[in-house]
Amino acid sequence: LQIETDGFNLFVRHLNQIISASEKGQVVIREVMERFLRRIERDAQGLPVNFYPFTFSDPMRDVPKDIVINPAVAFGRPVVRGTRIATSVIRERYTAGESLLDIAKDYDLEMKLVEEALRSEIDQQAA
């Protein structure tokens, strides 16, 4: 019996099914739930340490793990993977009129990482 969480609900894996313990034993669609649970990294004790949010509105789309949320980094704000650069800082600079190219150069980031940071901020505002 393996217990997992998405941060809000508890799930139990049993007989190749994922059952929501929070929803009185309701069976969830395994493929959908696993896409969410794979975006959580755990430590040796099984505690969540990194969460990689979806940066597209469609959670079924394959999304890179370029943006990470870790409570021990930047006070838990989303940052670009491998850095302490908050995605909100990139959004603020972009909305202030700076180009993505200038932002990428300033932080020595690949353009795709700057674009993912901006996309994650746009999706958060839309939610």
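Residues numbered from 1 in each chain as written. Predicted model: local features only at pLDDT ≥ 70, side-chain atom pairs only at ≥ 80, totals over all residues. Heavy atoms only, no water.

## Focus: the overall build of the protein chain
Across its full length, the protein chain carries 4 helices and 8 strands. Classification of the 127 residues of the protein chain by burial places 36% in the buried group. For the protein chain, the computed accessible surface area is about 8,100 Å², with 54% contributed by carbon and sulfur atoms. (Helix = DSSP H or I, 4+ residues; strand = E, 2+ residues; numbered from the N terminus. Buried < 20%, exposed > 50% of the residue type's maximum accessible area, 1.4 Å probe, protein only. Areas by Shrake-Rupley, 256 points an atom, 1.4 Å probe, with all protein chains shown as cover.)

## A look at helix α3 (residues 100–107)
Those residues of α3 lying buried are Leu100, Ile103 and Ala104. Looking straight down α3, one finds its buried side chains confined to an arc of 100°; they lie on one side. Exposed side chains of α3 directed beyond 90 degrees from the buried face belong to Lys105 and Asp106. Following α3 by one or two positions, aspartate 108 adopts a phi angle in the positive range, close to 55°. (Arc of directions from axis to C-beta.)

## Observations concerning the nonpolar core
Ranked by size, the top nonpolar core spans 12 residues in total: Ile67, Val80, Ile85, Ile90, Leu100, Ile103, Ala104, Leu109, Leu113, Val114, Ala117 and Leu118. Mapped by element, the contributors of at least two residues to this core are α3 and α4 (111–126). Tallying contributions element by element places α4 first for this core, with 4 residues. With residues near it in sequence (within four places) discarded, leucine 109 still touches Val80, Thr83, Ile85, Ile90, Ala104 and Val114. (Core = buried A, V, L, I, M, F, W, Y, C linked by side-chain atoms within 4.5 Å. Contact = heavy atoms within 4.5 Å.)

## A word on the packing of aromatic side chains
Pairs of aromatic rings are described using the distance from one ring centre to the other and the angle between the two planes. Within this structure, the stated rule accounts for 0 aromatic pairs. Above the plane of the ring of phenylalanine 54 lies arginine 39, whose end atom (NZ or CZ) is 4.8 Å from the centre. (Phe/Tyr/Trp six-rings, centres within 6.5 Å; stacked < 30°, edge-to-face > 60°. Lys NZ or Arg CZ within 6 Å of the ring centre and 35° of its normal.)

## Some details on the pairing of strand β6 (residues 48–51)
Here strand β5 (residues 40–42) runs beside β6; their pairing, made up of 3 bridges, is antiparallel. From the neighbouring strand, isoleucine 40 faces β6, where its bridge partner is phenylalanine 51. In textbook terms, the turn of a hairpin is the stretch between consecutive antiparallel strands, and for β5 and β6 this stretch comprises 5 residues, one of which, glycine 46, has a positive phi near 90°. (Pairing = 2+ DSSP bridges.)

## Observations regarding the environment of isoleucine 90
Relative to the helices and strands, isoleucine 90 is located in helix α2 (residues 87–95). Classification of isoleucine 90 by relative accessible area gives buried; the value is 0%. With residues up to four places along the chain from it excluded, the contact list for isoleucine 90 reads Val80, Ile85, Ile103, Leu109, Val114 and Ala117.

## Observations regarding the confidence of the model for the protein chain
Residue-level pLDDT values for the protein chain average 82, and 76% of them are 70 or greater. Ranking the helices and strands of the protein chain by mean pLDDT puts α3 first, with 97, and strand β4 (residues 26–28) last, with 62. (pLDDT = per-residue confidence, 0-100.)

## Structural notes on the packing of α2 against α3
Remark: α2 packs on α3, axes separated minimally by 10 Å, with the N-to-C direction vectors making an angle of 140°. In terms of orientation, α2 lies oblique with respect to α3. α2 and α3 meet at a crossing whose hand is right-handed. Note on element contacts: α3 touches α2 through Leu100, Ile103, Asp106 and Tyr107, opposite Val89, Ile90, Arg93 and Tyr94. Taken together, the residues of the contact of α2 with α3 sort by class into 6 nonpolar, no polar and 2 charged. (Axes fitted to C-alpha atoms, helices over the stretch in contact; angles between N-to-C directions. Parallel < 35°, antiparallel > 145°, perpendicular 65-115°, else oblique. Left-handed = near helix turned anticlockwise from the far one by under 90°. Nonpolar A, V, L, I, M, F, W, Y, C, P; charged D, E, K, R; others polar.)

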